[in-house]
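# Structure assessment
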Amino acid sequence: MNTTSHGWKVDLARFRVYLRDKYSVDKAYYFLGAVNEDHQNIYEMIQQAGFILIFREHSQSMIGKKKGNVDTNIVFAVMRKIAEKEKLDKIVLVSGDGDYFKMVKYLVEKDRFRCLLSPNKKSTSTLYKSFPTKYIDWLDSPQIKDKIIYKKAK
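This report concerns the structure included in the present document. (Residues numbered from 1 in each chain as written. Predicted model: local features only at pLDDT ≥ 70, side-chain atom pairs only at ≥ 80, totals over all residues. Heavy atoms only, no water.)

Turning our attention to the side chain of Ser125. Structurally, Ser125 can be placed in the loop between β6 (113-118) and β7 (136-138). When neighbours within four sequence positions are excluded, Ser125 is seen to be in contact with Gly96, Asp97 and Gly98. (Helix = DSSP H or I, 4+ residues; strand = E, 2+ residues; numbered from the N terminus. Contact = heavy atoms within 4.5 Å.)

Written out as structure tokens, the structure reads:
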């Protein structure tokens, strides 16, 4: 399974291995918009790559009419685990979206944040410019990209 990231394809299985090996990620959640019956094969491939799928809840009348914005679902899932004192190691967030800035800042302050993996520097929110480099990396950096890029079978 692969997904496109700014002109190149990420191999999700290789990416999942990278997350496990580099950051010791036991559980990797993949948040998506509403379930679409036409995409069952894609959902199965994401799960086979080792991700746990979480779908955004929509009322039946709105499915297909709203974008699949999952930002609040991600923030809620993280904060709920903290509030309910569930076992939760340090968070690795794959996004460059500034919508997560307050959550990331809080997690850094509480020593519960490991790294923000942004698709690339250009699309990373300027809010993260003040973060120490130990908390941020870019998926398109050559050392990471080479490990996660989709390579056609020969």
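So that's the structure; there's more coming.
Turning our eyes to something else, we now look at the sheet that holds β6. Strand order in this open sheet of three strands is β5-β6-β7, and the pairing throughout is parallel. Both edges of this open sheet fall to β5 (91-94) and β7, since each of them pairs with a single strand only. Across the sheet, the mean angle from the axis of one strand to that of its neighbour is 20 degrees, orientation sign disregarded. This element, helix α1 (residues 12-23), spans β5, β6 and β7 of the sheet and lies at about 145 degrees to β6. (Pairing = 2+ DSSP bridges. Axes fitted to C-alpha atoms, helices over the stretch in contact; angles between N-to-C directions.)

Oppositely charged side chains can form a pair if their charged atoms are brought close together. Per the counting criterion, the structure on display carries six salt bridges. When the shortest N-O distance is used, the salt bridge between Lys81 and Glu86 registers 3.1 Å. Of the residues examined, Glu86 reaches a relative accessible area of 33% and is grouped as partly exposed. In this structure, the salt-bridge partner of Asp89 is Lys87, at a minimum N-O distance of 3.4 Å. Looking at Lys87, the relative accessible area reads 70%, which means it is exposed. (Salt bridge = Lys/Arg side-chain N within 4 Å of Asp/Glu carboxyl O. Buried < 20%, exposed > 50% of the residue type's maximum accessible area, 1.4 Å probe, protein only.)

Time to look at unusual backbone geometry. The phi angle of most residues is negative, glycine excepted, and most peptide bonds adopt the trans form. In this structure, Lys85 is a non-glycine residue whose phi angle is positive, near 55 degrees. With respect to the helices and strands, the residue Lys85 is situated in the loop between α3 (71-83) and β5.

What helix α4 (residues 101-109) keeps buried is the set Phe101, Met103, Val104 and Leu107. Angular distribution of buried residues about the axis of α4 spans 165 degrees; they occupy a single face of the element. Away from its buried face by more than 90 degrees, α4 exposes Lys102 and Glu109. Looking at the packing, one finds that the buried side of α4 touches α3, β5 and β6. Phi turns positive, to about 55 degrees, at Asp111, one or two residues after α4. (Arc of directions from axis to C-beta.)

With the rule as written, the count across this model stands at nine aromatic pairs. Centre to centre, the rings of Phe15 and Phe51 are 6.4 Å apart; their planes meet at 25 degrees, and the pair counts as stacked. Taken as a pair, Phe15 in helix α1 and Phe51 in strand β4 (residues 51-55) lie far apart in primary sequence, 36 residues in all. Each member of the pair, Phe15 as well as Phe51, carries the same accessibility label: buried. Look at Tyr18 and Tyr23: their rings are 6.0 Å apart centre to centre, the planes differ by 80 degrees, and that puts the pair in the edge-to-face class. Here Tyr18 and Tyr23 have matching classes, each one buried. Members of the aromatic cluster, each reached through a chain of ring pairs, are Phe101, Phe113, Tyr128, Phe131 and Tyr135. (Phe/Tyr/Trp six-rings, centres within 6.5 Å; stacked < 30°, edge-to-face > 60°.)

These figures come from the coordinates and say nothing about function on their own.
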